[in-house]
Amino acid sequence: MGVTMKLDKSDQLFEKARKRIPGGVNSPVRAFGAVGGHPFFVERAEGPWLYDVDGNRYLDYVCSWGPGILGHAHPQVVEAVQRACAGGLTFGAPTAGEVELAELIGACVPDVEMVRLVSSGTEAVMSAVRVARGFTGREKIIKFAGNYHGHSDGLLVKAGSGLMTQSVPDSAGVPEGYAASTLTGVYNDEASVRALFEENCGQVAAVVVEPVAANMGVVPPKPGFLEFLRCITKEQGALLLFDEVVTGFRLGLGGASAYTGVHADLYTFGKIVGGGMPLAAYGGRRDIMSCVAPLGAVYQAGTLSGNPVAVAAGIATLKILMDDPGIYERIDGRAQTLAAAFQKAGLTVNRAGSLISAFFVQDGKVENYEDACRCDRKAFAAYFNRMLERGIYVAPSPFEAMFVSDAHSDELIEETCEAVAAYFSGI
């Protein structure tokens, strides 16, 4: 599974890119800043493999940060995209495909009685938060430290050291006023949420949460935590918003509501729902979504929303998942095998379905952002680079998930487990 690791062309492209693109990349983590060195540039992908411009091949456990549940370039998805392209790339007008995709989403997640298609996860969450505010007539929202909901201004907020903190923008260029209505709680900590509601009685429009956190590494909810959020939001007249940009159709066809048994008022989906194309969605209860223009006063629009090519990819992907529910049993089982290999190596491992994180911490559980931050970043960087040398590509950050796709065969999983064992035994 090893690669030659000649990166001459990638290095040349990176130098060119840095002259025209900030940091040489179009999304920060791609720059390999957390692991050192320069990124490789991808030429093509197929199944579980990535091929770079220098001819190196990598077994891919990033899967484009989640969309690739079927593996890369699945023939049925590619064929659907090609057919759609032949009919035109964009219309700015309704198509039958949009209706079909909306119906498929509703069939998988019955809580989503109405849905609006958009182009990115950031746009979906930003829009859903606006709907929650418009529906409740309230301004404040509660989010959790370590839960990532896209880069819209009001959600780029970091937590302080206490259970309740003054909201501080987590990015330059975000006015403090944008973040002032965003309250930050501690994931898996009921007391922090209760305190925020008490301090802001009657002012909270929604609690926004990753039902299984996947952006501080994988951190599942503690038993009863999501049930508590459902209960307190109902008591306080606030909405519960599940951000399923990562977990939607990943934990199972029914997403987090089926996986956990807890039902939200609003949902956002990305990644898998677009089949690898730029597409996302937000939706939920009919009475809430009826607030969205042109039915209601909450405005949201997009020239490329419901793009026919992206919709075709999403439809093809969901149909494959619906036609072969055994996919989830296969990828969950393979993820469990990988998790066991990391546990045997002495790491703290969190898993939810086919999402895995191996945390480089010496002791204890990882249940929130503060726990995740105890990760030994230098140790992770050394591990990342050694795996890459062996032709295994994991996320270049200790705070990202490892994704298993249906293209990862049992044999490839076993080879990965052997590589993990060899690394931690010093071979």
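Everything in this summary refers to the structure shown in the same document. Since we're looking at a predicted model, the values are computed, not measured. Note that residues are indexed from 1 along each chain, following the sequence as it is written. Per-residue local features of the predicted model are confined to residues with pLDDT of at least 70, and side-chain atom pairs are confined, for both listing and counting, to 80 or more; whole-chain, interface and lining totals are unaffected and use all residues. As a rule here, side-chain values come from all non-hydrogen atoms in the structure, and water together with hydrogens is ignored.

1. Comments concerning the overall build of the protein
Stated formally: Elements are defined by DSSP. Helices are runs of H or I of four residues or more, strands are runs of E of two residues or more, and each kind is numbered from the N terminus. All radius of gyration figures rest on C-alpha atoms, and the globule criterion is 2.2 Å times the number of residues raised to 0.38. In this analysis, two residues are considered to be in contact whenever any of their non-hydrogen atoms come within 4.5 Å of each other.
Scanning the protein from N- to C-terminus turns up 14 helices and 16 strands. Against the 2.2 N^0.38 benchmark of 22 Å for 427 residues, the protein shows a C-alpha radius of gyration of 21 Å, consistent with a compact globule. With respect to the three principal axes, the spread of C-alpha positions in the protein is 60 × 55 × 45 Å. Long-range contacts, defined as pairs at least 24 residues apart, comprise 71% of the intrachain contacts of the protein with a sequence gap of at least 6.

2. Thoughts on the packing of helix H3 (residues 96-108) against helix H10 (residues 308-323)
As a reminder of what qualifies: Axis geometry follows a simple rule: fit a line to the C-alpha atoms, using only the stretch in contact for helices, then measure angles between N-to-C directions, giving values from 0 to 180 degrees. Handedness of a crossing follows from how the near helix is turned relative to the far one, being left-handed for an anticlockwise turn of less than a right angle and right-handed for a clockwise one. Residue type decides the class: Asp, Glu, Lys and Arg count as charged, Ala, Val, Leu, Ile, Met, Phe, Trp, Tyr, Cys and Pro as nonpolar, and the leftover types, Gly among them, as polar.
Viewed as axis vectors pointing N to C, H3 and H10 meet at an angle of 35°, and their least axial separation amounts to 9 Å. Considering how the two elements wind past one another, H3 and H10 form a crossing that is left-handed. Judged by residue contacts, Gly 97, Glu 98, Glu 100, Leu 101, Leu 104, Ile 105, Ala 107 and Cys 108 of H3 engage Val 311, Gly 314, Ile 315, Leu 318, Lys 319 and Met 322 from H10. Of the residues belonging to the contact of H3 with H10, the class tally is nine nonpolar, two polar and three charged.

3. Concerning the pairing of strand E3 (residues 57-60)
On a regular strand, one side chain projects to one face of the sheet and the next to the other, so that they alternate. Threshold: Strand pairing requires that DSSP identify at least two bridges connecting the strands.
Across three bridges, the pairing between strand E2 (residues 49-52) and E3 is antiparallel. Residue pairing in the sheet places Trp 49 in a bridge with Leu 59 of E3. The turn linking E2 back onto E3 is made up of four residues, and Gly 55 within it adopts a positive phi angle of 90°. Pairing of E3 with strand E15 (residues 392-393), which is carried by two bridges, proceeds in the parallel orientation. Bridging from a neighbouring strand, Leu 59 pairs with Ile 392 of E15.

4. Quick look at unusual backbone geometry
Stated precisely, the cut-off is as follows: Categorising residues by exposure relies on relative accessible area from a 1.4 Å probe, with only protein chains included: less than 20% of the type maximum marks a residue as buried, more than 50% marks it as exposed, and the intermediate range marks it as partly exposed.
A cis amide bond links Ala 293 with the next residue in sequence, Pro 294, at an omega value of 10°. With respect to the secondary-structure elements, Pro 294 resides in the loop between helix H9 (286-289) and H10. With a phi close to 65°, Trp 65 is a non-glycine residue in the positive phi region. Relative to the assigned elements, Trp 65 resides in the loop between E3 and helix H2 (75-86). The exposure class of Trp 65 is buried, given its relative accessible area of 17%.

5. With respect to the packing of aromatic side chains
Here is the rule: Two rings belonging to Phe, Tyr or Trp (six-membered ring only in the last case) form a pair when the distance between their centres is within 6.5 Å. Interplanar angles under 30 degrees mark stacking, angles over 60 mark edge-to-face geometry, and anything in between is tilted.
Going through the model one piece at a time under the given rule, you end up with 18 aromatic pairs. Between the aromatic rings of Tyr 187 and Phe 225, the centroid separation amounts to 5.5 Å while the plane-to-plane angle is 65°, which identifies the pairing as edge-to-face. Pair noted here: Tyr 187 is in the loop between strand E8 (182-185) and helix H6 (190-199) and Phe 225 is in helix H7 (residues 225-236), with a separation of 38 residues, a long-range link. For Tyr 187, a relative accessible area of 0% corresponds to the buried category. Judged by its relative accessible area of 2%, Phe 225 falls in the buried class. Centroid distance Phe 249 to Phe 269: 5.2 Å. Interplanar angle 40°. Geometry classified as tilted. Here Phe 249, found in the loop between strand E10 (239-244) and helix H8 (255-260), pairs with Phe 269, found in strand E11 (residues 266-269); they are 20 residues apart in sequence, far enough to count as distant.

6. Section: a negative patch on the surface
We apply this condition: The residues that make up patches have over 30% relative accessible area and no salt bridge, and they are joined within 9 Å when like-charged or within 5 Å when they are Val, Leu, Ile, Met, Phe, Trp or Tyr. Per-residue accessibility takes into account occlusion by the displayed protein chains alone, with areas from the Shrake-Rupley method and a 1.4 Å probe. We define a salt bridge as a side-chain nitrogen of Lys or Arg found within 4 Å of a carboxyl oxygen belonging to Asp or Glu. Within this scheme the basic residues Lys and Arg register as positive and the acidic residues Asp and Glu register as negative, but His and the chain ends are omitted. To locate a charge, the coordinates of NZ of Lys, CZ of Arg, CG of Asp or CD of Glu are taken.
Among the surface-exposed residues, Glu 411, Glu 414, Glu 415 and Glu 418 lie close enough to one another that they form a single negatively charged patch. When you line up the elements, Glu 411 lands in helix H14 (residues 410-424). We classify Glu 411 as exposed; its relative accessible area is 54%.

7. What about the sheet that holds E2?
Strand order in the open sheet made by the four strands is E1-E2-E3-E15, with mixed pairing throughout. Looking at the sheet topology across the chains shown, the edges are occupied by strand E1 (42-46) and E15. Two elements, E1 and E2, share four bridges in a ladder whose sense is antiparallel. Bridge pairing in E2 places Glu 46 opposite Trp 49.

8. Observations regarding the sheet that holds strand E13 (residues 348-352)
Read from one edge to the other, the open sheet built from three strands follows the order E13-E14-E16, with strand pairing classed as antiparallel. Only two strands of the sheet have a single partner each, and these edge strands are E13 and strand E16 (402-403). Bridging between E13 and strand E14 (residues 355-359) involves five bridges; their strand directions are antiparallel. Each bridged residue has a counterpart across the sheet, and for Arg 351 the counterpart in E14 is Ile 356. Across the sheet, helix H11 (residues 326-344) is in contact with E13, E14 and E16; its angle to E13 comes to roughly 170°.

9. Some points on the nonpolar core
Generally speaking, a soluble globular protein has its nonpolar side chains buried in company with each other. What counts here: Among buried residues, the Ala, Val, Leu, Ile, Met, Phe, Trp, Tyr and Cys ones that are joined through side-chain atoms within 4.5 Å form a nonpolar core.
Membership of the largest hydrophobic core comes to 112 residues, with the highest contact counts inside it found for Ile 105, Leu 229, Phe 242, Phe 249, Leu 321 and Tyr 393. For this core, the element with the most residues is H10, which contributes 10 residues. Once you skip the residues sitting within four places of it in the chain, Phe 249 turns out to touch Ile 69, Ile 105, Cys 108, Val 109, Gly 255, Phe 269, Ile 272, Val 273, Leu 318, Leu 321 and Tyr 328. Core analysis: the next-biggest nonpolar cluster, separate from the first, contains 22 residues, Val 125, Val 131, Ala 132 and Val 298 among them.

10. Looking at the side chain of Asp 111
To keep things clear, this is the line we draw: Any pair of nitrogen or oxygen atoms within 3.5 Å is treated as a polar contact; in protein, a donor-acceptor pairing is required on top of that, and neighbouring residues in sequence qualify only through side-chain atoms on both sides.
With respect to the helices, strands and loops of the structure, Asp 111 is situated in the loop between H3 and strand E4 (114-118). Put simply, Asp 111 is tucked away with no salt bridge, and the nearest opposite charge, on Arg 230, sits 7.6 Å away. Within the local environment of Asp 111, its side chain forms a polar contact with the side chain of Tyr 267, the two groups lying 2.4 Å apart. Setting aside residues up to four positions removed in sequence, Asp 111 forms contacts with Ser 257, His 263, Ala 264, Tyr 267, Gly 284 and Arg 285.

11. Let's talk about the packing of H11 against H14
If you want to describe how two helices pack, look at the angle between their axes and the distance between the axes. Spelled out, the test is: For classification purposes, an angle smaller than 35 degrees is called roughly parallel, one larger than 145 roughly antiparallel, one from 65 to 115 roughly perpendicular, and anything else oblique.
Where H11 contacts H14, the two axes come as close as 9 Å, and the packing angle between them is 10°. Relative to H14, the element H11 is oriented roughly parallel. Listed contacts from H14 to Arg 334, Thr 337, Leu 338, Ala 341 and Phe 342 of H11 are Asp 410, Ile 413, Glu 414, Thr 416, Cys 417 and Val 420. Tallied by class, residues from the contact of H11 with H14 come to six nonpolar, two polar and three charged.

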